[in-house]
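Residue-level listing of the chains:
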Amino acid sequence: MAFLKEVNLKYDMPTADLAVGRATWAIQNARTTGAGALKLIHGYGSHGVGGRIRVEVRAYLERQRSRGLVRDVIPGERFSIFDEATRRAFLRCDELRRDADLDRANNGVTIVVL
């Protein structure tokens, strides 16, 4: 079964554009290495600037989903055993069941199902 890859997009507080570029690379890398899902850590805007990285990365991911380039996008606040998309994602990547952010409503992460 495919594994979960985790990437911290915000480790050095990049611009939103750079974070989107990192997300693009992370998706390509995860797909190449056989990951079934990708957990992107983008933060939630705790530095008082409104979470621009989160907003821009999620908008980019939704565009990728609508074009069929990724299977699904699950915002961290919806990443729950009670969410239908999360349960479908478990079928692609069982490792998601053991992720520390499951059922934590963490809006600083997003799960990308590949």
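Preceding this paragraph is the structure being described.
None of these values were measured; they are calculated from a predicted model.

Asker: Explain the packing of helix α1 (residues 16-33) against helix α2 (residues 52-66) here, please?
Answerer: Packed helices, taken two at a time, are described by the angle between their axes plus the distance between the axes. Where α1 contacts α2, the two axes come as close as 9 Å, and the packing angle between them is 45 degrees. By the criterion of interaxial angle, the relationship of α1 to α2 is oblique. As α1 packs across α2, the resulting crossing turns out to be right-handed. Mapping the contact onto sequence places A16, A19, V20, A23, T24 and I27 in α1 and R52, I53, E56, V57, Y60 and L61 in α2.

Asker: I keep staring at the side chain of R54 and nothing clicks. Help me out?
Answerer: As for its placement among the helices and strands, R54 is situated in helix α2. Buried and unpaired, R54 has no salt bridge, with E77 as the nearest side chain of opposite charge at 5.1 Å. Contacts of R54, omitting those with residues within four sequence positions, involve H42, G43, Y44 and N107.

Asker: What's the story with the pairing of strand β4 (residues 109-113) in this structure? I'm lost.
Answerer: The element β4 is largely enclosed, with a buried count of five among its five residues. Every second residue of β4 is oriented toward a common face, with V109, I111 and V113 on one face and T110 and V112 on the other, all of them buried. Pairing geometry for strand β2 (residues 35-41) and β4, over five bridges, is antiparallel. Each bridged residue has a counterpart across the sheet, and for A37 the counterpart in β4 is V113. Pairing of strand β3 (residues 72-75) with β4 involves four bridges; the strand directions are antiparallel.

Asker: Which parts of the structure should I look at to understand the environment of V113?
Answerer: Relative to the assigned elements, V113 resides in strand β4. On the basis of relative accessible area, V113 is assigned to the buried category, the value being 4%. Spatially, the C-alpha atom of V113 lies 12 Å from that of Q28, the residues being 85 residues apart in sequence. Setting aside its immediate chain neighbours within four residues, V113 contacts G36, A37, V70, R71, D72, I74, A89 and R92.

Asker: Can you help me understand the nonpolar core in this one?
Answerer: What tends to happen in soluble globular proteins is that the nonpolar side chains get buried as a cluster. Judged by nonpolar contacts, the single largest core of 19 residues is most densely connected at I27, L38, L40, V57, L61, V112 and L114. Counting residues per element, the ones that place at least two in this core are α1, β2 and α2. Considering every element that reaches this core, the biggest residue donor is α1, with six residues. Setting aside anything within four residues of it in sequence, one finds L61 in contact with I27, L40, V70, V73, T110 and V112. Ranked by size, the runner-up nonpolar core spans 12 residues in total, among them A37, I74, F90 and V113.

Asker: Just to check I follow, could you spell out the pairing of β2 for this structure?
Answerer: The side chains of a regular strand alternate, residue by residue, between the two faces of the sheet. Burial analysis of β2 places seven of its seven residues in the buried class, the great majority of the element. For strand β1 (residues 3-8) and β2, the ladder comprises six bridges, and the chain directions are parallel. Note on β2: the bridge partner recorded for E6 is K39. A crossover links β1 with its parallel partner β2, the connecting element being α1, and its sense is right-handed.

Calculation criteria
Residues numbered from 1 in each chain as written. Predicted model: local features only at pLDDT ≥ 70, side-chain atom pairs only at ≥ 80, totals over all residues. Heavy atoms only, no water. Axes fitted to C-alpha atoms, helices over the stretch in contact; angles between N-to-C directions. Helix = DSSP H or I, 4+ residues; strand = E, 2+ residues; numbered from the N terminus. Parallel < 35°, antiparallel > 145°, perpendicular 65-115°, else oblique. Left-handed = near helix turned anticlockwise from the far one by under 90°. Contact = heavy atoms within 4.5 Å. Buried < 20%, exposed > 50% of the residue type's maximum accessible area, 1.4 Å probe, protein only. Lys, Arg positive; Asp, Glu negative; His and termini not counted. Salt bridge = Lys/Arg side-chain N within 4 Å of Asp/Glu carboxyl O. Pairing = 2+ DSSP bridges. Core = buried A, V, L, I, M, F, W, Y, C linked by side-chain atoms within 4.5 Å. Right-handed = clockwise from strand over helix to strand, strands pointing away.

So far we have only geometry, and geometry alone does not tell us how the molecule works.
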